[in-house]
Amino acid sequence: MRLRNVKGSRETIAANEFVIQDEESMKGKWHEKFGNNNPIHIEIGMGKGRFIMDMARLHPEINFVGIEKFSSVLVRAIEKQNEEKLPNLFFIRMEAEYIENVFDKEEVDYIYLNFSDPWPKDRHAKRRLTSVQFLSKYINILAKGAGITFKTDNRPLFDFSLEQIDEAGWVKENVTFDLHNSEYAEGNVMTEYEQRFSDMGNPICRVVFHP
Ligand code: SAM
């Protein structure tokens, strides 16, 4: 993602009611924060938040937490949430590597990984959000029966991810190399990147998987 330094974004985030400021203190307390026992779904690397805001609007019966490491991107989602004030949506500015410090065992009911950064160099493979290193973190926060959806237009990253899912011994529920022209297209909620890449004619790959 091309990043512009958005002036004042850190200050905006620090003062915003929809951003969790001390995320590690929330571990084990997310249902308390939402004030209900609804399932908790998270998107890791949510960018400007189009997908998670659409999901939160469509599913008031689900609690959503959007995670993004860059302030200059997160601030765009905050601007939208300031207007809408969806009660079932909070954001965290953090690096996903520390996810186990923020969610307790079985606290998360679903993870969305949408158009994750590809980290094309082999020596950076473990930074990919679908690497076995990350899967071994996710397993510590996912509830029984919970799963993950991963979408990308990047075929090498997708192929790598399928291998990593197998290597971790997880189960693939369904795989498509052209989501928009597949039986799974109905009900698909587009992300910002998905819109951009499908407008360019790129097929979208998607896998649903679980431990
Ligand atoms: N999910 C959005 C979409 O599909 O439109 C944004 C996709 S963008 C290519 C990837 C986003 O993930 C970027 O905003 C990036 O900053 C964020 N990201 C990548 N690695 C991350 C990590 N380790 N922790 C938190 N955010 C991350």
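Residues numbered from 1 in each chain as written. Predicted model: local features only at pLDDT ≥ 70, side-chain atom pairs only at ≥ 80, totals over all residues. Heavy atoms only, no water.

**Quick notes on the pattern of salt bridges**
1) Next: Considering all chains together, one arrives at 10 salt bridges under this definition.
2) Next: Among the ionic pairs, Glu-84 bridges to Arg-57, the shortest N-O distance being 2.7 Å. Separated by 27 residues along the polypeptide, Glu-84 in helix 4 (residues 71-84) and Arg-57 in helix 3 (residues 50-58) bring together distant segments of the chain.
3) Next: Under the relative-accessibility criterion, Glu-84 is labelled partly exposed at 35%.
4) Next: As a salt-bridge pair, Glu-194 and Lys-151 come within 2.7 Å of each other at their nearest N and O atoms. Of the two residues, Glu-194 sits in helix 7 (residues 192-199) while Lys-151 sits in strand 5 (residues 142-152), which places them 43 residues apart along the sequence.
5) Next: Residue class for Glu-194 comes out buried when judged on its relative accessible area of 0%.
6) Next: Through salt bridges with shared partners, one network takes in Asp-54, Arg-57 and Glu-84. (Salt bridge = Lys/Arg side-chain N within 4 Å of Asp/Glu carboxyl O. Helix = DSSP H or I, 4+ residues; strand = E, 2+ residues; numbered from the N terminus. Buried < 20%, exposed > 50% of the residue type's maximum accessible area, 1.4 Å probe, protein only.)

**A few points about the side chain of Glu-23**
1) Next: Note on placement: Glu-23 falls in the loop between helix 1 (9-14) and helix 2 (30-34).
2) Next: The side chain of Glu-23 sits in the buried core without any salt bridge; Arg-93 is the nearest counter-charge, 7.3 Å away.
3) Next: Discounting residues that sit within four places of it in the chain, Glu-23 has contacts with Ile-92, Arg-93, Met-94 and Val-102. (Lys, Arg positive; Asp, Glu negative; His and termini not counted. Contact = heavy atoms within 4.5 Å.)

**So, the packing of aromatic side chains**
1) Next: Under the defined criterion, the tally for this structure stands at 11 aromatic pairs.
2) Next: Arranged with centres 4.9 Å apart and planes meeting at 45 degrees, the rings of Tyr-110 and Tyr-112 form a pair that is tilted.
3) Next: The buried category is assigned to Tyr-110, whose relative accessible area is 16%.
4) Next: Seen from their ring centres, Phe-158 and Phe-177 are 5.5 Å apart, and the 85 degrees between their planes marks the pair as edge-to-face. Taken together, the residues Phe-158 in helix 6 (residues 155-167) and Phe-177 in the loop between strand 6 (171-176) and helix 7 connect sequence positions 19 residues apart.
5) Next: Exposure remark for Phe-177: the relative accessible area of 36% places this residue in the partly exposed category.
6) Next: Over the aromatic face of Trp-119 sits the side chain of Arg-127, whose NZ or CZ is 4.7 Å from the ring centroid. (Phe/Tyr/Trp six-rings, centres within 6.5 Å; stacked < 30°, edge-to-face > 60°. Lys NZ or Arg CZ within 6 Å of the ring centre and 35° of its normal.)

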